[in-house]
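Chain residues, written in single-letter form:
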Amino acid sequence: MQPLTSRAKAVDRRPMNVWERMYLPAIAKGMSITFGHMFKKRPTVNYPEKQRPFSRVFRGLHVLNRDEEGRERCTACGLCAVACPAEAITMEGAERLPGEEGLYREEKYAAKYEINMLRCIFCGLCEEACPKDAIYLSETFAPANFTRKGFIYGKEELLIPNPLTDPEGFAKARGEHK
Amino acid sequence: MYTTLLAIDWVLFLDKVILITVILLLSLLIAMYETWAERKVAALMQDRRGPNRAGPGGILQPLADGLKLFMKEEVIPGSSNKLLFILGPGLAMLTAMMTSAVVPWSSYLEIGGRHVDLQIADVNIGLLYIFGVVSMGVYGVMIGGWASNNKFSLLAAIRGASQIISYELAMGLSIISLLMITGSLSLRTIVQQQQEGSYYIFLQPLGFLIFLVCAFAECNRTPFDLSEADSELNMGFHLEYSSMKLGFYLFAEYVNVFISSAVMSTLYFGGYDIPFVNDVQLAQRWGQNPVAILEAACFFVKIVLFILFFIWVRWTIPRFRYDQLMKLGWKVLIPLAIINMLLTGFFILLRHH
């Protein structure tokens, strides 16, 4: 029969000779192999102490962005919810009242913004759809939770820390510490 | 007249109690760290890292494992024979520990002009005693498997018992040829002979090989761990055991490994003899006590090397099939041991004439 690959190797069906039937040389050979492996370099990464860097295009948990003055960028236009193939995003818009100019950048804002992380497929289409640069995917991933409810992330979980009051948290959430 | 019979040498008694305590604790400690070494060596051989969370280098791992076993629920199957079910692991542990009584750990210490032997009992049938106790180890396996009232445990126990019994024969035969050379069953005498002459490994290489293979089988270690087979064959005879009763079985195996390493180094590698050095001359120069301690250290180095060898073999050689196991035991090792015996006898006669 024609071999399918170049790696095909005919099976040797000759009966074993005395030397081979003693097994001891084969055992010694096997033991030398395992002994040699004791001094090999280990590919393991010591995870909690040492973390491998994410790829630059990694898509993790979402972050709702603020501008330099700490104002929420989201205007509750709903484009991300429309773009979302998993229908994970729900939001409710509200109108900015006088005196709230420091909180929201434009006249309309998202009063409620929820992403169901169990539905989300982390495709990043919301990030692409957003005209205001208000949502992007970070390098963290959702931690485990005991209830399904815990995976519905509201504005408290999603909003980036305020750059004016918490510049370190802001930088960390933006991934600028690396 | 009878008062002298009742008069106990209390100092000797105290010596022995201290020695027994030390040796029991030491064998438990070594068995504990064998589990750690086993996991570490296995990891190293498989290019992994092994336990490294509990303490530096995972050094506290055995404590964590022990705590885990103690915390587990004790399940005694409702249909089991309760007394035997509890007796099984105890018996396994007992037989594992008892063997250490006749092993000479070092020559002797001189404390306050007294001559303190570092051996619990120098009985003149030491080797026979070891064989007697080791063959009792079968009962731990058999009772455990039987009392579980589980047909798989029972099958595994029978498998294990038949394995231990068949390898004991070859082991005994390989020892006979050693005894023809030594002319003594006392382990201390055997060590002293090796201190004066050469190690018996050089006189009995084949006998040592047979003894080694049989020791692996007796300890239920891979490649002969058919009776337990951790992951396949549903855990073997301790299938129904949990918590510290299971721990006792596992622990007894490690104590067995320790003791059989000690016996092998005593019989074939000079026991507590310091290699390449004349111990008696050294004792005259340095005093007896430091040399005795050095001898004990040497003995433990030999034992540790043997233990590492046990572990090394375990993570290299796959398990035998049952028919292969029996074939090796009955058709290879026993004839080989008999041939070895005849050859030894021939050479002894040749030297005498």
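As the structure is a computational prediction, the values presented were derived from the model and not from experiment. (Residues numbered from 1 in each chain as written. Chains lettered and ligands numbered in written order. Predicted model: local features only at pLDDT ≥ 70, side-chain atom pairs only at ≥ 80, totals over all residues.)

Draft legend 1. Quick look at the overall build of chain A. What chain A contains, in helices and strands, is 6 helices and 5 strands. Listed N to C, the secondary structure of chain A is α-α-β-α-β-β-α-β-β-α-α in terms of helices and strands. Over its C-alpha trace chain A gives a radius of gyration of 28 Å, far above what one expects of a compact globule, namely 16 Å for 178 residues. Along the first, second and third principal axes, the C-alpha atoms of chain A reach 95 × 40 × 35 Å. Sequence-distant contacts in chain A: of pairs separated by 6 or more residues, those separated by 24 or more amount to 70%. (Helix = DSSP H or I, 4+ residues; strand = E, 2+ residues; numbered from the N terminus. Rg over C-alpha atoms; globule rule 2.2 N^0.38 Å. Contact = placed C-beta atoms within 7 Å.)

Draft legend 2. A look at the overall build of chain B. Helix and strand content of chain B: 13 helices and 2 strands. Its C-alpha atoms give chain B principal-axis dimensions of about 60 × 55 × 50 Å. A total of 353 residues make up chain B; the buried ones form 40% of that total. Looking at chain B alone, contacts between residues at least 24 apart form 79% of all its contacts between residues at least 6 apart. (Buried ≥ 20, exposed ≤ 12 C-beta atoms within 10 Å, placed from the backbone.)

Draft legend 3. How the structure looks around the environment of Gly-236 of chain B. As for its placement among the helices and strands, Gly-236 of chain B is situated in the loop between α9 (205-218) and α10 (243-268). C-alpha separation for the pair Gly-236 of chain B and Gly-145 of chain B, spaced 91 residues apart in sequence, amounts to 8.2 Å.

Draft legend 4. Geometry of the sheet that holds strand β3 (residues 108-116) of chain A. Taken together, 3 strands build an open sheet; the order of strands is β2-β3-β5 (chain A) and the sheet is antiparallel. With one partner strand each, in any of the chains shown, β2 (89-95) and β5 (152-153) of chain A form the two edges of the open sheet. (Pairing = 2+ DSSP bridges.)

Draft legend 5. How the structure looks around unusual backbone geometry. The phi torsion at Glu-87 of chain A lies on the positive side, around 55°, for a residue other than glycine. Residue Glu-87 of chain A is classed as exposed on the basis of its 11 C-beta neighbours within 10 Å.

Draft legend 6. Quick peek at the interface of chain A and chain B. Counting from both sides, the interface comprises 11 residues of chain A and, opposite them, 9 residues of chain B. Across the side of chain A that touches chain B, the residue classes break down as 5 nonpolar, 4 polar and 2 charged. (Nonpolar A, V, L, I, M, F, W, Y, C, P; charged D, E, K, R; others polar.)

Draft legend 7. Just the pairing of β3 of chain A, in detail. Residues and elements named next belong to chain A. For β2 and β3, the ladder comprises 7 bridges, and the chain directions are antiparallel. Across the sheet, residue Glu-95 finds its bridge partner in β3, namely Lys-108. Judged from the 2 bridges that link them, β3 and β5 form a sheet pairing that is antiparallel. Residue pairing across strands places Asn-116 opposite Ile-152, the latter belonging to β5.

Draft legend 8. Structural context of the packing of helix α2 (residues 10-45) of chain B against helix α3 (residues 61-71) of chain B. Residues and elements named next belong to chain B. Running from N to C, α2 and α3 point in directions that differ by 105°, and their axes come no closer than 9 Å. The angle between α2 and α3 falls in the class roughly perpendicular. Between α2, through Met-32, Tyr-33, Thr-35 and Trp-36, and α3, the contact on the second element is made entirely by Gln-61, Pro-62 and Asp-65. (Axes fitted to C-alpha atoms, helices over the stretch in contact; angles between N-to-C directions. Parallel < 35°, antiparallel > 145°, perpendicular 65-115°, else oblique.)

Draft legend 9. Seen up close, the environment of Lys-132 of chain A. Residue and element names in this part refer to chain A. Note on placement: Lys-132 falls in the loop between α4 (125-129) and β4 (135-137). As for Lys-132 and Leu-97, which are separated by 35 residues in sequence, their C-alpha atoms are 20 Å apart. Ignoring sequence-local partners within four residues, the contact set of Lys-132 consists of Arg-73, Cys-74 and Thr-75.

Draft legend 10. Here's a closer look at the packing of helix α11 (residues 279-286) of chain B against helix α12 (residues 288-314) of chain B. All names here are of chain B. The N-to-C vectors of α11 and α12 enclose an angle of 135°; their axes lie 7 Å apart at closest approach. As judged from the angle between their axes, α11 and α12 are oblique. From α11, Asp-279, Leu-282, Ala-283 and Trp-286 reach across to α12, where they touch Gln-288, Pro-290, Val-291 and Glu-295. Considering only residue class, the contact of α11 with α12 consists of 5 nonpolar, 1 polar and 2 charged.

Draft legend 11. Region of interest: the pairing of strand β1 (residues 108-111) of chain B. All names here are of chain B. Judged from the 4 bridges that link them, β1 and strand β2 (residues 114-117) form a sheet pairing that is antiparallel. From the neighbouring strand, Glu-110 faces β2, where its bridge partner is His-115. What sits between the antiparallel neighbours β1 and β2 is a turn of 2 residues, in which Gly-112 has the positive phi angle 60°.

Draft legend 12. Fine view of the nonpolar core. One finds Ala-170, Phe-211, Cys-214, Val-255 and Phe-258 of chain B to be the most contacted residues of the largest nonpolar core, which totals 80 residues. If we ignore the near neighbours within four places in the chain, the residues touching Val-255 of chain B are Ser-27, Ala-31, Ala-96 and Met-97 of chain B. (Core = buried A, V, L, I, M, F, W, Y, C linked by C-beta atoms within 7 Å.)

Draft legend 13. Looking closely at the confidence of the model for chain B. Across chain B, pLDDT averages 87, with 96% of residues at or above 70. In the predicted assembly, ipTM is 0.77 and pTM is 0.82. (pLDDT = per-residue confidence, 0-100.)

Draft legend 14. Structural view of helix α7 (residues 187-196) of chain B. Those residues of α7 of chain B that sit buried are Leu-187, Arg-188, Ile-190, Val-191, Gln-192 and Gln-194 of chain B. Contacts from the buried residues of α7 of chain B go to α5 (126-147), α6 (151-182), α8 (200-203) and α10 of chain B.

Draft legend 15. How the structure looks around the environment of Met-171 of chain B. All names here are of chain B. In this fold, Met-171 is placed in helix α6. Expressed as a C-alpha distance, the spacing of Met-171 and Ile-307, which sit 136 residues apart in the sequence, is 19 Å. If we ignore the near neighbours within four places in the chain, the residues touching Met-171 are Phe-211, Cys-214 and Glu-218.

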